[in-house]
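So you can see what is in the structure, the chains are spelled out below.
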Amino acid sequence: MCGIVGYVGYQNAVDILLDGLKHLEYRGYDSSGIALMSNGEIKVYKALGKLQNLVDTMKKEKITSCNTGIGHIRWATHGLPTLANAHPHSCNCKGLTLVHNGIIENYQEIKETLIKNGAIFKSQTDTEVAAQLIAFEYGKTNDLVQAVSSAVSKLKGAWAFCVMHKNEPETIVATRKNAPLLIGAGENENFLSSDIAAIIKYTKKAIYLNDGQITKISKDKIQIFNEDLTPASNRMEILPFEAHSLSKMGYKHFMLKEIHEQPDVVRNILQDKIKDEISDIALNGVNLDINSLKKINRIQIIACGTSLHAGLVGKYVIEDLTGIPVSVEASSEYIYRRSIADENTLVIGISQSGETADTITAIKQVKEKGAHVLIITNRKESLLSRLSDSLFHINAGIEVSVAATKSYTAQLVSIYLLGIFIAQTLNMDKKRIQEIKHELLTLPSKLEAVLSGELTIKKLAKKYSGFKNFIFIARGINYPTALEGALKLKEISYINATGYPAGELKHGPIAMLDETMPVLAILNKGIVYDKVMSNCEEAYARQAKLIGVANEIDERHKELFDDFVIIPPVSDIVSPALNVTVLQLFAYFIAEYLGKDVDQPRNLAKSVTVE
Ligand code: M6R
């Protein structure tokens, strides 16, 4: 996690660094800091808490004449969020300063050696160890690229570093391994950042560093070196995102804006893939043909958090459409057991950011076993994309709010399309495929209908905002929807919410039910409707308050419910993509009503780049 940014050019570095950090706030926000280099001197400024505190500090400093600097926003891994632990970190003589994203696993042993050589440490971080180590190596060569190279050869773990040395004015040296870092190329200015978002306003030209490469940038020169320090010539890419993706466009929070973007996001994915209900769909980037698919005897889906919930829906969809057995597992669990993936396995990695460390490790493992790796992601330039044999870019536009919303819906739609693609390639049930295509094509207008009823959900959220616990129930393909709705509520309102398969209620959780525990039930008209309704009866009999999310509620059942939200009719299989919007809005309005920091909930970061 953490966000890093670097700038060398002609503009005021303070403004560029603070603005860049503003766009990286979703990566962490325990503390922040910048280091500025001018006249052979490096000065470091830090603040605790939100970035605004650093902005306020820098306003008082009134620095306008510095054109080189590095910045950092922290999500604490080693050591408490204190000023001493905030980045940038320097060596003892303050000649060298750096910012870091990642974790150095062997920092303790290196620290002990450095202490024996006279280093004095002021923080508990692994990052300060890197600063002292690079400074130590610099003492041998007086060359920052060489010093960084020999220092990182001694490190284990993951990192992206931006490093400045006072003897190398108007220059930043940077490197990465298993953590993102890109170079933004400008006119008479160059940038470094862990994410496009920090630099897109200034340049659309970017160069991605490969693992182990080192770059040295000045305002008019970008040099790239391979791990062995031979010169490299990486491709220049044109960045995809428009700056307006980074604006709230009049909404109070990014989360609400992103929820409202969902109809267009779905239209956008479907646009060039489904022409009509009859024609075959085309998935550019998915390199699977009839011969490779015939070999596949199992599919494994690996993901974390919200993406894992999309994967759980994927199991229902792909098994239903293709009959191929699908297992779904949290990446962090997958890594530490014997994997049975082989060359007849299709492994689908799902990740909004494409940067999630656990998913990256799991995918690297299955690649070694010869499995075909298909990545579903919102970031086609990400580390996971680069590991893929097949890539499904969900193209949802940048998602700023830490709580994933539009990317989830886009992942679901991608999974429907993938299921259809596999089924059509293997010549399976054409009628079923046509029905699902029809449902997908009508999904955007149904999403619009749900969004137009948001006032009802807002009122409901206010009514229920005082409860401390919720249970969300559903069956079948909407069980993951219950999990996702509960996760959203937990993440942004800090209210305890648990998702259960409705049939499991009587196997334990029912013990908790009374008038203080609202039960939210998802009841689409379909094969499990009557079953979920029976579970609602059980909850009603225990005085639980009941909220129904349904296409309609029969007259005879209406009295069971304290409240309900009626959504347009939708087929069972596509219903998760519609139902989830109600739960996203419910979570959003509760958190907003409680005055929570919706876009940047405590303790969370948008990209979880540490295992
Ligand atoms: O970028 P990823 O999809 O791999 O991220 C996985 C999870 O960290 C992420 O979905 C997390 O659960 C979100 N905060 C959900 O809102």
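Note: the structure precedes this text.
Residues numbered from 1 in each chain as written. Predicted model: local features only at pLDDT ≥ 70, side-chain atom pairs only at ≥ 80, totals over all residues. Heavy atoms only, no water.

With that settled, the discussion passes to the site of the ligand. Lining the immediate surroundings of the ligand are 14 residues, of which S307, S351, S353, T356 and E491 lie closest. Separating an oxygen atom of the ligand from a side-chain N or O atom of S351 is a distance of 2.6 Å. Interatomic distance of 2.5 Å between a side-chain N/O atom of E491 and a nitrogen atom of the ligand. Contributions of two or more residues to the shell around the ligand are made by α9 (305-322) and α16 (479-493). The greatest single-element share of the shell around the ligand, amounting to three residues, is contributed by α9. Grouping the constituent residues of the shell around the ligand by class yields five nonpolar, seven polar and two charged. (Near = heavy atom within 4 Å. Polar contact = N/O pair within 3.5 Å; in protein donor to acceptor, adjacent residues only side chain to side chain. Helix = DSSP H or I, 4+ residues; strand = E, 2+ residues; numbered from the N terminus. Nonpolar A, V, L, I, M, F, W, Y, C, P; charged D, E, K, R; others polar.)

For helix α1 (residues 13-22), the buried fraction is high: eight of the 10 residues fall into the buried class. Listed in full, the buried residues belonging to α1 are A13, V14, I16, L17, L18, D19, G20 and L21. Of the surrounding elements, those touching the buried residues of α1 are β1 (3-8), β2 (31-38), α2 (51-61), β4 (68-74) and β10 (190-193). (Buried < 20%, exposed > 50% of the residue type's maximum accessible area, 1.4 Å probe, protein only. Contact = heavy atoms within 4.5 Å.)

Bringing the pairing of strand β13 (residues 221-225) into the picture now. Relative to β13, strand β12 (residues 214-218) runs antiparallel, the two being bridged by five bridges. If you follow I217 over to β13, its bridge partner there is I222. Between β12 and β13, which pair antiparallel and follow one another directly, the connecting turn spans two residues. (Pairing = 2+ DSSP bridges.)

Attention shifts here to the pairing of strand β20 (residues 469-474). Most of β20 is tucked away: five of the six residues are buried. When β20 meets strand β21 (residues 496-501), the two strands line up parallel, connected through six bridges. Residue pairing across strands places A474 opposite P501, the latter belonging to β21. Of the pairings in the sheet, the one linking β20 to strand β22 (residues 519-523) comprises three bridges and is parallel in character. Across the sheet, I471 pairs through a bridge with V519, a residue of β22.

Residue position: I415 is located in helix α13 (residues 406-425). A relative accessible area of 3% places I415 in the buried class. Between the C-alpha atom of I415 and that of M428, which follows or precedes it by 13 residues, the distance is 17 Å. Setting aside residues no more than four positions away along its own chain, I415 makes contact with A310, G311, G314, V317, I350 and I376.

With that out of the way, let us pick up the packing of aromatic side chains. Aromatic ring pairs are described here by two measures, namely the spacing of the ring centres and the angle between the planes. Applying the stated criterion across every chain yields a total of nine aromatic pairs. Relative to F564, the ring of F561 lies with its centre 6.3 Å away and its plane at 80°, an arrangement referred to as edge-to-face. Overall, F561 belongs to the buried group, its relative accessible area being 8%. Here the aromatic residues Y464, F467, F470, F472 and F586 are joined through ring pairs into a cluster of three or more. The aromatic ring of F121 is capped on one face by K111, whose charged end is 5.1 Å from the ring centroid. (Phe/Tyr/Trp six-rings, centres within 6.5 Å; stacked < 30°, edge-to-face > 60°. Lys NZ or Arg CZ within 6 Å of the ring centre and 35° of its normal.)

Considering all chains together, one arrives at two cavities of 30 Å³ or more under this definition. Of the volumes computed, that of the largest cavity is approximately 230 Å³. Taken together, 22 residues make up the lining of the largest cavity; nearest its centre are P180, S194, E355, E381 and S382. Considered class by class, the residues forming the lining of the largest cavity number eight nonpolar, five polar and nine charged. Size it by volume and the second largest cavity reaches roughly 80 Å³. (1 Å grid on protein atoms, 1.4 Å probe; cavity = no way out; pocket = protein on both sides within 12 Å on 5 of 7 lines; lining within 4 Å. Points joined across faces, edges and corners; volume = space filled by probe spheres on them.)

Right, let's get into the packing of α13 against helix α14 (residues 430-452). The geometry of α13 relative to α14 is characterised by a closest axis approach of 10 Å and an angle of 165° between their N-to-C directions. Judged by the inter-axis angle, α13 sits roughly antiparallel to α14. As for the relative orientation of α13 and α14, their crossing is left-handed in sense. Residues T409, V413, Y416, L417, I420, A423 and Q424 of α13 form the contact with α14, whose participating residues are I433, I436, K437, L440, L443 and L447. Split into classes, the residues belonging to the contact of α13 with α14 amount to 10 nonpolar, two polar and one charged. (Axes fitted to C-alpha atoms, helices over the stretch in contact; angles between N-to-C directions. Parallel < 35°, antiparallel > 145°, perpendicular 65-115°, else oblique. Left-handed = near helix turned anticlockwise from the far one by under 90°.)

A rise of 1.5 Å per residue sets the reference length of helix α4 (residues 126-141), with its 16 residues, at 22 Å; its end C-alpha atoms lie 23 Å apart and thus fit the reference within 8%. Buried residues in α4 make contact with β5 (89-90), β6 (96-104), α3 (107-116), α5 (144-152) and β7 (157-165). With its phi angle positive at about 55°, N142 sits one or two positions after the end of α4. (Expected span 1.5 Å × (residues − 1).)

Attention now goes to the sheet that holds strand β11 (residues 205-208). If you trace the eight strands from one edge of the open sheet to the other, you get β3-β2-β4-β1-β10-β9-β11-β14, paired in antiparallel fashion. Unpaired on one side and paired on the other, β3 (41-48) and β14 (236-238) mark the two borders of the sheet. Sheet twist, expressed as the average angle between the axes of neighbouring strands with direction ignored, equals 20°. By the bridge criterion, four bridges tie strand β9 (residues 182-185) to β10 in an arrangement that is antiparallel. Each residue of the ladder has a partner; that of G184, found in β10, is F191.

In the structure shown here, the tally under the stated rule is 29 salt bridges. Here D195 makes a salt bridge to R379, at a shortest N to O gap of 2.5 Å. Highlighted residues: D195 in the loop between β10 and β11 and R379 in the loop between β18 (372-377) and α12 (383-387), separated in sequence by 184 residues. Accessibility assignment for this pair places D195 and R379 in one class, buried. What you see here is one network of salt bridges that share partners, running through D320, K431, R432 and E435. (Salt bridge = Lys/Arg side-chain N within 4 Å of Asp/Glu carboxyl O.)

So, about the sheet that holds β21. Taken together, the five strands give an open sheet; going across it, the order is β21-β20-β22-β23-β24, and neighbouring strands pair in parallel fashion. With partners counted over all chains shown, the strands left at the sheet margins are β21 and β24 (563-566), one partner each. Mean inter-strand twist for the sheet, computed between neighbouring axes without regard to direction, equals 15°. The sheet contact formed by strand β23 (residues 546-550) and β24 spans four bridges and is parallel. Paired with A550 across the strands is I566, a residue of β24. In the packing of helix α17 (residues 529-541) onto the sheet, the strands contacted are β20, β22 and β23, and the crossing angle to β22 comes to about 165°.

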